[in-house]
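Single-letter residue listing:
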Amino acid sequence: MLTKGQIIDIAKKEGVRYVRLQFTDILGNIKAVEISVGQLEDALDNKIMFDGSSIEGFVRIKEADMFLHPDLSTFMVLGFEQEDYGKVARLVCDVYTANGQPFAGDPRYILKQTVAHMKEMGIGELDVGFEPEFFLFKLDSEGKPIIDTIDQAGYFDLSPMDGGEYVRREVAMELEKLGFVIQTAHHEVAPGQNEINFRFADVVTACDNVQTFKQVVKVVARRRGYLATFMPKPIAGINGSGMHTNCSLSDGKGNNVFYDSKMPMGLSLLARKWINGIIAHARGFSALTNPTVNSYKRLIPGYEAPCYVCWSDSNRSAMIRIPAAKGPATRTEIRCVDPTANPYLALSAILASGLDGIKNSKDDELVPPVYDDIFALTREQREEQGIENMPENLKDAIKELKSDPLMKKVLGEHCFNKYVEAKEIEWDAYRCLVTDWEIESYLNK
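Residues numbered from 1 in each chain as written. Predicted model: local features only at pLDDT ≥ 70, side-chain atom pairs only at ≥ 80, totals over all residues. Heavy atoms only, no water.

A.B. asks: An account of the overall build of the chain is requested, with residue identities and associated values reported.
C.D. replies: When helices and strands are counted, the chain shows twelve helices and 18 strands. On the principal axes, the C-alpha backbone points of the chain span a range of 65 × 60 × 45 Å. By residue count, 53% of the 445 residues in the chain fall in the buried class. Restricting to contacts in the chain with at least 6 residues of sequence separation, those with at least 24 account for 70%. Carbon and sulfur atoms provide 50% of the accessible area of the chain, an area that totals close to 20,300 Å². Charged side chains in the chain number 51 positive and 64 negative. The centres of these two groups are separated by 2 Å. (Helix = DSSP H or I, 4+ residues; strand = E, 2+ residues; numbered from the N terminus. Buried < 20%, exposed > 50% of the residue type's maximum accessible area, 1.4 Å probe, protein only. Contact = heavy atoms within 4.5 Å. Areas by Shrake-Rupley, 256 points an atom, 1.4 Å probe, with all protein chains shown as cover. Lys, Arg positive; Asp, Glu negative; His and termini not counted. Charge placed at Lys NZ, Arg CZ, Asp CG, Glu CD.)

Set out below in structure tokens:
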């Protein structure tokens, strides 16, 4: 990790003029306080304050003063930003109260608390690899986005059919400058849909990285005259965007504890219990992994998104898939997550669910894998196999969240109540809206 002195020296050497102190609100939005480089030393001494009463899910006006404590390991010069007024650097921060305590509503702190609980159980690390998808849309003459994709290409198509190739390549190059290890970049199934994958990291770093990734994608797309959106289902009738989340646990020596060559599918007993926990709480954490009204337009049959709570080592219609790579690469791919999720809260919920399965699942209660095409099964056939549906809308997801005691424990009372309140307001606003579909279907009847 860099020291305070090293960060100040790098800022001087690179000609940094501004420093962005970033944090994330409970809805997953990146927030920032930008300071001149002259205030960097104060920032590194945790002296920069902001008004928390104006941030979603934070505090009341009488408790407004909050302090930003930079994580020194996250310092980077943002080469993708325009440099007309000098270079910009950033530090990801944890949020503290005026009395010097970690703020209970800070999503990054909530994740760190869950990681601490994991380590108390003797598990060394949770490694996470995200696979975020996004769409590229055109802009009109006034620079406003229109629902017209950048191309009509499909899965793995190349230029000239693939209109997003140069945007993806520029994003990948900018990320590599920031230290990301880019693994793959390609056109996805739907027109205008793209995916860029980068190397896994420990869970807190991975969540920091995916927030940075979203920022770079949006800035580069705008620079090239397009809108990049992580909206799960911007267009009906085609595939939506997910953020498949690959998870593996390791011991204190870095060995993957999900792998056991002597067990079926190479999955250890601990991995099977982890899967049990994820399945048991999937409906409860869906409001965190799929947090918007639009999220549930993606989770419908026919578009490769998982609608049913089950797992398989080969079946891509399952919510949890076990990729073919084994040994150190053994992992669970959780396919329901979408890119509008607050990564810190979503991974807190997933980690806590898996740990609950490890602690409380009995050896003779392991959920079996599913090899049928789940989309082809009737509801009765799914029920016979004990396969539950994911919630079908945000209202049901909120209800499931409220009825899962583990989720309340993980989020803490403050964040839990603020999050539920925000999501209930969102659902109520949608419920009261009259859509174009309703006008077209009913106006003349």
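A.B. asks: Break down the pattern of salt bridges for me, citing the residues and quoting the values.
C.D. replies: Under the criterion given, the structure shown has 23 salt bridges. One salt bridge connects Lys-119 with Glu-125, and the closest N-O pair in it is separated by 3.7 Å. Taking the relative accessible area as the measure of exposure, Lys-119 reaches 41% and is therefore partly exposed. Lys-423 is the partner of Glu-426 in a salt bridge, and the nearest nitrogen-oxygen pair spans 2.7 Å. Taken as a pair, Glu-426 and Lys-423 lie in helix α11 (residues 405-431) at a separation of three residues, close to a single helical turn. You can call Glu-426 partly exposed: its relative accessible area is 26%. Overall, Lys-423 belongs to the buried group, its relative accessible area being 5%. (Salt bridge = Lys/Arg side-chain N within 4 Å of Asp/Glu carboxyl O.)

A.B. asks: A description of the packing of helix α3 (residues 107-120) against helix α8 (residues 343-360) should follow, citing residues and the corresponding values.
C.D. replies: Think of two packed helices as two axes; the pair is described by the angle between the axes and how far apart they sit. Their axes nearest at 8 Å, the elements α3 and α8 cross at an angle of 20°. It follows from the interaxial angle that α3 and α8 lie roughly parallel. Here the hand of the crossing between α3 and α8 comes out left-handed. Contact residues: α3 offers Pro-107, Arg-108, Ile-110, Leu-111, Thr-114, Val-115, His-117 and Met-118, while α8 offers Tyr-344, Leu-345, Leu-347, Ser-348, Leu-351, Ala-352, Leu-355 and Lys-359. (Axes fitted to C-alpha atoms, helices over the stretch in contact; angles between N-to-C directions. Parallel < 35°, antiparallel > 145°, perpendicular 65-115°, else oblique. Left-handed = near helix turned anticlockwise from the far one by under 90°.)

A.B. asks: If you had to explain the packing of helix α6 (residues 269-289) against α11 to someone new, which residues and values would you point to?
C.D. replies: In the contact formed by α6 and α11, the axes pass within 12 Å of each other and the chain directions differ by 30°. Here α6 lies roughly parallel to α11, going by the angle between them. The element α6 and its partner α11 pack so that their crossing is left-handed. The segment α6 lies against α11, with His-281, Gly-284, Phe-285, Ala-287 and Leu-288 engaging Leu-406, Met-407, Leu-411 and Tyr-419.

A.B. asks: Tell me about the packing of aromatic side chains, and please be specific about residues and values.
C.D. replies: Scanning all chains against the criterion turns up ten aromatic pairs. Measuring from centroid to centroid gives 5.7 Å for Phe-134 and Phe-230, while their planes differ by 55°, and the two rings are tilted. Remark: Phe-230 occurs in the loop between β12 (226-229) and β13 (243-250) and Phe-134 occurs in strand β7 (residues 125-139); sequence separation between them is 96 residues. Overall, Phe-134 belongs to the buried group, its relative accessible area being 0%. Phe-230 sits in the buried class, given a relative accessible area of 5%. For the pair Phe-198 and Phe-213, a centre-to-centre distance of 5.3 Å together with 40° between the ring planes defines the contact as tilted. Of this pair, Phe-198 sits in strand β10 (residues 193-198) while Phe-213 is found in helix α5 (residues 203-223), placing the two residues 15 residues apart along the sequence. Across this residue pair, the class does not change: Phe-198 and Phe-213 are buried. Through successive ring pairs, a cluster of aromatic residues spans Phe-134, Phe-180, Phe-198, Phe-213 and Phe-230. Across the ring face of Tyr-303, the terminal group of Lys-233 is positioned such that the distance to the ring centre comes to 3.8 Å. (Phe/Tyr/Trp six-rings, centres within 6.5 Å; stacked < 30°, edge-to-face > 60°. Lys NZ or Arg CZ within 6 Å of the ring centre and 35° of its normal.)

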